[in-house]
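# Summary of the model geometry
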Amino acid sequence: MKKKLNNQFLFYLIPLLLGVITSFSLPPYNLFFFNFFTFPLFFICFIYNFKKKKTVCFITGWLFGFGYFISNIYWITNSLTFEEIFKPLIPIALFIIPLFLGLFYGLATYVCSFFKLAKDYSSVLLFALLISIFEYLRGVILGGFPWNLTAYSWTYYIDFLQILKLIGTYSFNLITITLFLMPTVFFFKKSLKSKIILAFSILFFVGINFYYGKYVINRNYSAQIVKLESKIKIVSPRIEIDRFFKSEDVSEIIYDLIKLSDPKPENTVFIFPEGIISDIFLENFDVHQKLFSDNFSKKHKIILGINSFENSKIYN
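Residues numbered from 1 in each chain as written. Predicted model: local features only at pLDDT ≥ 70, side-chain atom pairs only at ≥ 80, totals over all residues. Heavy atoms only, no water.

## Quick notes on the overall build of the protein chain
When helices and strands are tallied, the protein chain shows eleven helices and five strands. Within the protein chain, the fraction of its 316 residues that count as buried is 36%. (Helix = DSSP H or I, 4+ residues; strand = E, 2+ residues; numbered from the N terminus. Buried < 20%, exposed > 50% of the residue type's maximum accessible area, 1.4 Å probe, protein only.)

## Some thoughts on unusual backbone geometry
Cis geometry is adopted by the peptide bond preceding Pro 28, which originates at Pro 27 and carries an omega value of 5 degrees. Secondary-structure assignment places Pro 28 in the loop between helix H1 (2–22) and helix H2 (35–49). A positive phi angle, close to 60 degrees, is found at Asn 148, a residue other than glycine. Relative to the assigned elements, Asn 148 resides in the loop between helix H5 (121–140) and helix H6 (158–161). Of the residues examined, Asn 148 reaches a relative accessible area of 15% and is grouped as buried. Phi at Asp 262 is positive, roughly 45 degrees, even though this residue is not glycine. Relative to the elements of secondary structure, Asp 262 occurs in the loop between helix H10 (250–261) and strand E2 (268–271).

## Let's talk about a nonpolar patch on the surface
Residues Ile 85, Phe 86, Leu 89, Ile 92, Phe 95, Ile 96 and Leu 99 make up a contiguous nonpolar surface patch of roughly 610 Å² in combined accessible area. As for its placement among the helices and strands, Phe 95 is situated in helix H4 (residues 90–112). (Patch = residues over 30% accessible without salt bridge, like charges linked within 9 Å, V, L, I, M, F, W, Y side chains within 5 Å. Areas by Shrake-Rupley, 256 points an atom, 1.4 Å probe, with all protein chains shown as cover. Salt bridge = Lys/Arg side-chain N within 4 Å of Asp/Glu carboxyl O.)

## Let's talk about the packing of H2 against helix H3 (residues 54–70)
Viewed as axis vectors pointing N to C, H2 and H3 meet at an angle of 160 degrees, and their least axial separation amounts to 9 Å. Taken together, the axes of H2 and H3 lie roughly antiparallel to each other. Note on packing geometry: the crossing formed by H2 with H3 is right-handed. Of H3, the residues touching H2 (which contributes Phe 39, Phe 42, Cys 45, Phe 46 and Asn 49) are Val 56, Cys 57, Thr 60, Gly 61 and Phe 64. Partitioned by chemical class, the residues of the contact of H2 with H3 number seven nonpolar, three polar and no charged. (Axes fitted to C-alpha atoms, helices over the stretch in contact; angles between N-to-C directions. Parallel < 35°, antiparallel > 145°, perpendicular 65-115°, else oblique. Left-handed = near helix turned anticlockwise from the far one by under 90°. Contact = heavy atoms within 4.5 Å. Nonpolar A, V, L, I, M, F, W, Y, C, P; charged D, E, K, R; others polar.)

## Looking at the packing of aromatic side chains
This model, assessed by the stated rule, comprises 30 aromatic pairs. Taking 4.9 Å as the distance between ring centres and 85 degrees as the angle between the ring planes, the aromatic pair formed by Tyr 136 and Tyr 170 counts as edge-to-face. Of the two residues, Tyr 136 is situated in helix H5 and Tyr 170 in helix H8 (residues 169–181); the sequence distance between them amounts to 34 residues. Note on Tyr 170: relative accessible area 27%, which makes it partly exposed. Plain terms: the ring middles of Trp 154 and Phe 180 are 5.8 Å apart, the flat faces sit at 10 degrees to each other, and that makes the pair stacked. Here the residue Trp 154 occupies a position in the loop between H5 and H6, and Phe 180 occupies one in helix H8, the gap between them amounting to 26 residues. Like Phe 180, Trp 154 is buried. Positioned above the aromatic ring of Phe 114 is the side chain of Lys 54, whose terminal nitrogen or guanidinium carbon lies 4.2 Å from the ring centre. (Phe/Tyr/Trp six-rings, centres within 6.5 Å; stacked < 30°, edge-to-face > 60°. Lys NZ or Arg CZ within 6 Å of the ring centre and 35° of its normal.)

## Regarding the nonpolar core
In this structure, Phe 43, Phe 46, Leu 117, Phe 127, Ile 131, Trp 154 and Leu 181 are the most contacted members of the largest nonpolar core, which totals 44 residues. Excluding its chain neighbours within four sequence positions, the residues that come into contact with Trp 154 are Phe 32, Phe 160, Leu 161, Phe 172, Thr 176, Leu 179 and Phe 180. Core analysis: the next-biggest nonpolar cluster, separate from the first, contains 15 residues, Ile 254, Phe 272, Ile 276 and Ile 277 among them. (Core = buried A, V, L, I, M, F, W, Y, C linked by side-chain atoms within 4.5 Å.)

## Description of the environment of Lys 231
In this structure, Lys 231 sits in strand E1 (residues 231–234). When the C-alpha atoms of Lys 231 and Thr 268 are compared, they prove to be 4.5 Å apart, with 37 residues separating the residues in sequence. Engagement of the side chain of Lys 231 in a polar contact is seen with the side chain of Glu 266, the distance being 3.3 Å. (Polar contact = N/O pair within 3.5 Å; in protein donor to acceptor, adjacent residues only side chain to side chain.)

## Some remarks on the pattern of salt bridges
For the coordinates displayed, the defined rule picks out five salt bridges. With a closest N to O distance of 3.4 Å, Glu 135 and Arg 138 form a salt bridge. Remark: Arg 138 and Glu 135 occur in helix H5; sequence separation between them is three residues, near one turn of the helix. Look at Glu 135 and you get buried, because its relative accessible area is 2%. By relative accessible area, Arg 138 is classed as buried at 1%. A salt bridge links Glu 266 to Lys 231, with the nearest nitrogen and oxygen atoms 3.3 Å apart. Here Glu 266 is found in the loop between H10 and E2, whereas its partner Lys 231 is found in strand E1, with 35 residues between them in sequence.

## Points about H8
Between its terminal C-alpha atoms H8 stretches 18 Å, which fits the 18 Å expected from 13 residues at 1.5 Å a residue. Turning to H8, its buried residues number three or more, namely Phe 172, Asn 173, Thr 176, Ile 177, Thr 178, Leu 179, Phe 180 and Leu 181. (Expected span 1.5 Å × (residues − 1).)

## Structural notes on the side chain of Ser 123
With respect to the helices, strands and loops of the structure, Ser 123 is situated in helix H5. Among the residues examined, Ser 123 registers a relative accessible area of 4% and is labelled buried. In this structure the side chain of Ser 123 is engaged in a polar contact, spanning 2.8 Å, whose partner is the backbone nitrogen of Ala 118. Not counting residues up to four positions away in its chain, the partners in contact with Ser 123 are Phe 43, Lys 116, Leu 117 and Ala 118.

Geometry only, nothing functional implied.
So, in structure tokens, the structure goes:
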């Protein structure tokens, strides 16, 4: 009885931990090589539970997804700490959202349970395909939630990302999942020769993609080197978030930005923080025109994010 309980505990713990560890492949950690261990172990974990009930297969994926998301979207809770009225929503953001998003991994492994997956190449490819399909569905259902796709593991390595303009994000996501699952072949009862051939094929593909990305970056860099004719000033005031909830005169905020900008009689581009002027629409911005014209000249350009109101819709 005790042994059965221990096995059950491991059944719940292993996919959960694999999901948590996988999340460290995403920014800011960018430890993408973790996925070469976690995804093969996730597949083996699924194969181990394959002959059990389909609900067990579903729970395997669901726990993996829950572990993955609870450790990489926890930051949502931070945005709910600034106002007391939002604090009751913290448990929902911390647990309910990851549980919901984890369902897509659970559904992927559930659908996988209808196929006779085994320790072979075709099973790995089917497993990767179904996970990528459900990650795509996660990105389009309910308005879309494409955050933290497996492909984002390469965010820090821009040489590998240049292929995106040829095949798109979701195709690259499929290739990424397949690549991370490839070490699974070492668990197969296949000849050493076939494993070596597969390993070299993967390295060849990765190498080609890397050098293609290098070529694209170097070509674009050479073509886009220009001499700037203006200085660029990024204005980043340290403003407490509480200020946005006060009915403060917009002119005072603009005046503070002007003081920080310290305009000089030289060509300058000023970049203001997005949303810093939140109580006014673009259509009504001309009421502050004098404030700008008195402090800036034709040598100055200002970039800022502001809302506009058109046809009963608000745009940023």
